[in-house]
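Each chain is listed here by its residues.
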Amino acid sequence: MSVILVIIPVPQNSEADDSYKNISTAQRTILSSIPGEILSSQFPHCLPHHNTNQHSSQKRRKKTKNAQIMEKDANVNKNDGGSNENDQESQDIANAEPGQSDPMPITGEQKPDGEKCDVANVDQEGKVDESQDTDDQHEAEPDPDIGLDQLLEETDQFISSIPHHNEDESRPLEIPNLVEKFLKKVDARIDDYDTSESKFGQVPSDDSLFLITVHCLRKLRDSLGGFTSDSSAMLLLNLISSVLHRAMLFIEDELRCLLQQWNQNTKNPGEPSSAKGLKAKQQSFKINPDSDQGALPDQSPETVVEEESFPAYKTDAVANMHLLARAMILAGYEAECFNVFLVTRRHAFSQGLKSKGFEKISIDDVQKMQWEPLEGEIAKWIRIFKRCSDTLLPGERDFYHSVFPDHPSLSRSLLSEMGRTVYLRLVNFAEAVVMTKKSTEKLFKFLDMYEALRDLIPSIDDKMYTKACADELKFEFLNAGSRLGEAAVTIFCELETSIKSDNVKTPVPNGAVHPLTRYTMNYLKYACEYKDTLEQVFQQHRKTEQSQNEYSDAEGEKESQSDSNHDKTAKESPFAAQLMIILNLLDKNLETKSALYKDPSLRYIFLLNNGRYMLQKLRGSTEIHQVVGDPWCRKRSTDMRHYHKTYQRETWSRVLQCLNQEGLQVNGKVHKPVLKERFKNFNQQFDEIHKTQSTWVVSDDQLQSELRVSISAVMIPAYRSFVARFGQYFTPGRQTEKYIKYHPEDIESAINELFDGTTSSMARRKT
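Per chain, residues are indexed from 1 in the order of the written sequence. At least 70 in pLDDT is required for a residue's local features to be given in this predicted model, at least 80 for side-chain atom pairs to be given and counted, and no such filter applies to totals for whole chains, interfaces and linings, which use all residues. Water and hydrogen atoms play no part in the side-chain values, which are based on all heavy atoms of the structure.

### Describing the overall build of the chain
In step 1: Each helix corresponds to a stretch of at least 4 residues labelled H or I by DSSP, and each strand to a stretch of at least 2 residues labelled E; elements are numbered beginning at the N terminus. In terms of regular secondary structure, the chain is built from 31 helices and four strands.
In step 2: The buried label goes to any residue with under 20% of its type's maximum accessible area, the exposed label to any with over 50%, and the partly exposed label to all in between, with areas taken from a 1.4 Å probe on protein chains only. Going through the 767 residues of the chain one by one, you find that 46% of them count as buried.
In step 3: In the chain, the proportion of contacts linking residues at least 24 apart, taken out of those at least 6 apart, comes to 81%.
In step 4: Per-residue and other accessible areas were derived by the Shrake-Rupley procedure at a 1.4 Å probe size, with only the shown protein chains allowed to occlude residues. When the accessible surface of the chain is split by element, carbon and sulfur atoms take 48% of a total near 39300 Å². It only takes one pair of heavy atoms within 4.5 Å for two residues to be counted as in contact.

### A short note on the side chain of Glu377
In step 1: Structurally, Glu377 can be placed in helix 16 (residues 371–403).
In step 2: According to the relative accessible area criterion, Glu377 is buried, its value standing at 13%.
In step 3: In this structure, Glu377 is in contact with Gly357, Phe358, Ile361, Met369 and Phe429, ignoring residues within four places of it in sequence.

### Digging into the environment of Gly629
In step 1: The residue Gly629 is located in the loop between helix 25 (622–628) and helix 26 (630–658) in this model.
In step 2: Each C-alpha atom, one on Gly629 and one on Leu618, is 9.2 Å from the other, the two residues being 11 residues apart in sequence.

### Some thoughts on the side chain of Glu252
In step 1: Looking at the element boundaries, Glu252 is found in helix 11 (residues 231–259).
In step 2: Here Glu252 falls in the buried class, since its relative accessible area comes to 16%.
In step 3: For Glu252, the contacting residues outside a window of four places in its chain are Met328, Glu336 and Val340.

### Observations concerning the packing of helix 17 (residues 408–434) against helix 19 (residues 467–500)
In step 1: With their axes 10 Å apart at the nearest point, helix 17 and helix 19 run at an angle of 15° to one another. By the criterion of interaxial angle, the relationship of helix 17 to helix 19 is roughly parallel. Handedness of the crossing formed by helix 17 with helix 19: left-handed. Seen from helix 17, the contacting residues are Ser416, Gly419, Arg420, Tyr423, Leu424, Val427, Glu431 and Val434; seen from helix 19, they are Cys469, Glu472, Leu473, Glu476, Phe477, Asn479, Ala480, Arg483, Leu484 and Ala487.
In step 2: Looking at the contact of helix 17 with helix 19, its residues break down into 10 nonpolar, three polar and five charged. In this analysis an axis means a line fitted to C-alpha atoms, helices contributing only their contacting stretch, and an angle means the value between N-to-C directions, from 0 to 180 degrees. Throughout this description, any angle smaller than 35 degrees is read as roughly parallel, any larger than 145 degrees as roughly antiparallel, any in the 65 to 115 degree range as roughly perpendicular, and the remainder as oblique. Left-handed describes a crossing whose near helix is turned anticlockwise from the far helix by less than a right angle; the clockwise case is right-handed. Under the convention adopted here, Pro, Cys and the residues Ala, Val, Leu, Ile, Met, Phe, Trp and Tyr are nonpolar, Asp, Glu, Lys and Arg are charged, and Gly plus all remaining residues are polar.

### Regarding the nonpolar core
General note: in soluble globular proteins, nonpolar side chains tend to be found buried as a group.
In step 1: Each nonpolar core is a collection of buried residues, namely Ala, Val, Leu, Ile, Met, Phe, Trp, Tyr and Cys, held together in the definition by side-chain atoms within 4.5 Å. Formed by 188 residues in total, the largest nonpolar core has its most connected members in Phe341, Trp381 and Tyr423.
In step 2: Considering each element in turn, this core owes the most residues, 15 residues, to helix 11.

### Considering the packing of aromatic side chains
In step 1: Centres within 6.5 Å make a pair out of two Phe, Tyr or Trp rings, where for Trp the six-membered ring is used; the pair is then stacked when the planes are under 30 degrees apart, edge-to-face when over 60, and tilted otherwise. The tally for this structure, following the rule as stated, stands at 29 aromatic pairs.
In step 2: Geometrically, the ring pair formed by Phe341 and Phe399 is tilted, given 6.3 Å between the ring centres and 40° between the ring planes. Here Phe341 is found in helix 14 (residues 334–355), whereas its partner Phe399 is found in helix 16, with 58 residues between them in sequence. Neither residue differs from the other here; Phe341 and Phe399 are each classed as buried.
In step 3: Here the aromatic cluster, defined as three or more aromatic residues joined through ring pairs, consists of Tyr313, Phe341, Phe399, Tyr400 and Phe404.
In step 4: The lysine or arginine in question, Arg189, covers the ring of Tyr193, its NZ or CZ lying 3.9 Å from the ring centre.
In step 5: We count a charge as sitting over a ring when the NZ of a lysine or the CZ of an arginine lies within 6 Å of the ring centre and within 35 degrees of the ring normal. The positively charged end of Arg603 is found above the aromatic ring belonging to Tyr604, 5.5 Å away from the centroid.

### A few points about unusual backbone geometry
In step 1: Notably, Asn510 is not glycine yet its phi reads approximately 65°, a positive angle.
In step 2: Tracing the backbone through its elements, the reader meets Asn510 in the loop between helix 19 and helix 20 (515–527).
In step 3: Judged by relative accessible area, which is 30%, Asn510 ranks as partly exposed.
In step 4: Phi at Phe755 takes a positive value of approximately 65°, unusual for a residue other than glycine.

### Re helix 9 (residues 178–195)
In step 1: Helices are assigned an expected span. That span is 1.5 Å times one less than the residue count. Between its first and last C-alpha, helix 9 extends 25 Å over 18 residues, near the 26 Å set by a 1.5 Å rise per residue.
In step 2: Those residues of helix 9 that fall on the buried side of the exposure criterion are Leu178, Val179, Phe182, Leu183, Lys184, Lys185, Val186, Asp187, Arg189, Ile190, Asp191 and Tyr193.

### A few points about the environment of Met418
In step 1: Note that Met418 resides in helix 17.
In step 2: Taking relative accessible area as the criterion, Met418 reaches 0% and is therefore assigned buried.
In step 3: Separated by 25 residues in sequence, Met418 and Leu393 have C-alpha atoms that sit 8.1 Å apart.
In step 4: Met418 has contacts with Leu342, Arg345, Arg346, Phe349, Leu393, Glu396 and Tyr400, leaving out every residue within four places of it along the chain.

### Considering the packing of helix 8 (residues 148–161) against helix 10 (residues 204–224)
In step 1: The N-to-C vectors of helix 8 and helix 10 enclose an angle of 25°; their axes lie 10 Å apart at closest approach. Relative to helix 10, the element helix 8 lies roughly parallel. For the element pair helix 8 and helix 10, the recorded crossing hand is left-handed. Residues Leu148, Asp149, Leu152, Thr155, Asp156, Phe158 and Ile159 of helix 8 touch helix 10, and the partners they reach there are Leu209, Ile212, Thr213, Cys216, Lys219, Leu220 and Ser223.

Laid out in structure tokens, this is it:
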């Protein structure tokens, strides 16, 4: 048997009892491990005093238990009120059940210092290793008859008795054995959670006791932090920190499991089912020559669905998250708590966007995409961007406020990181779209994206996000919006180029509305639905141009002219000016195309058709009419009247000349051969006009009616009068039928068949 030499000064006689109680717990542990025969032979003075004092110490603790409780309040008043605060925190936690709000002030925080613990071996996860000798195990093993709640109460009383500072460094802190039993019990409770079927959240009373226990560990760790010169206290502090660290790992795992329940509570993770208010103004702009309204595809009606809350966590789950998160924060694990929330919720958002078909697309992939699939991606982008700003991130903010009601800065920091992650991903897509080749059909999608970014900027402030995050997001939105606005201006101005370059030499059949007219007017009509947005981007574009030309060299005369012109054009909208340029170019282009018709009458039918189409679009849209104004409409109406009169003159003047009475009489008598020639020429010319112009197209019903009425008003009275006066000179029968083919009613019916766009003849009509 090996002999252990222990040098412990023990006074003789009556001073032994008082001196023995000053021996530290570690020294007493060593003495208790020495066999009695060795103590009696080597330390005769220690054995009786040791046994007596051990028994006396246990007896005194039992007698003074109630006294300590009674004196607790009096003692803490001498210790700056610190124990009162700890007691109140314990009472708050004791009264709290999962699912209830239980605010708690934040106290000093301390983490494990990583030192090795000699009181008990601790593995890497903080679990106490019980592989010690049999005597130590017997002393440290928690009594199964003593419950965790009793050990918690006694440990809390011990914490209240600990002074704030170690005033007498020569006198070590006396640490009762119940502390180690308490740590063993806590460690065993974590094992129960890990191994048993009863998980956290299923038994509220057990969960509440566990959280109170964790809080007590934190208070015990903080209370022993001031005894840096006491080696025994420091060894115990390492053990407490290790157990507390293991408890934090368990709480972190439980918190992560609760946060991952988002995919179990909603069918569409990351996005509610409502599509309210997400309808874009226009889809892709495409020409349809056969349809008067056919510039845009059909748009599905706006769907209105009741909003769902987001994120879709159950109330009790949010309450448990609050309790667990607060336990981590109070224990000094705020960074770990922040990370588990950020990583889990960021993954939830990513999966939510993916479930809606919006995945991360590289700039190269966007550049390679054809317009139709890219248009679909833009539509998804607009829908998701508005959903994030209107529902998802505000819902995330409310969720964080529910979990961290006492830590608004932590809630704001979490939301800032989430917002930065989501929005910058969306902004990157917008910038990639801007880099694609510009074309007129992209204008409306670009404007939709611009409006989404512009409308969100006012809501980005330091009340919802941190100031740094808010400033960064505003800068990114403004930059992306500016690039989209410049692209929109470029695309709109490209319409001017496309009109100038339209040099097709083939006339439109039958004088119908030209596809260029249809496309341009529909384009302008729908563009004016974005009038305010286009005004804004054009104003910004003009400011950019002015700033670029601010230092350009100019002669004094040019400067004076620009100054005088500036006052004139400053009040004029740059967008309206560009729109008028396009309309005037279209006018000139149509005049040029009308010259392609060899028949002068058809030329003016073409101009009438296109002019009326333009007027109808202007009058049918309040937005475009406001931009163009009444003067342009009046001028267009004047041009229309001119085309109408010219058409009548070119077409019907020769026919009316046949019905002229001049030259029919010679010496007061009707010259019959001349009369026959007149009727013959009338019939021939009218048949030719009817045959030709019944195939011509006047698509506007009102214009068609106006033309027919005006022709009838000229032709029918003249023909009726001519037939009534000179029809009697023909012999009734074959001669009359030969030269007077039509009755006045037949002429009126034939005129009403003009401009139908169908092939017909008078012979078929009569049959």
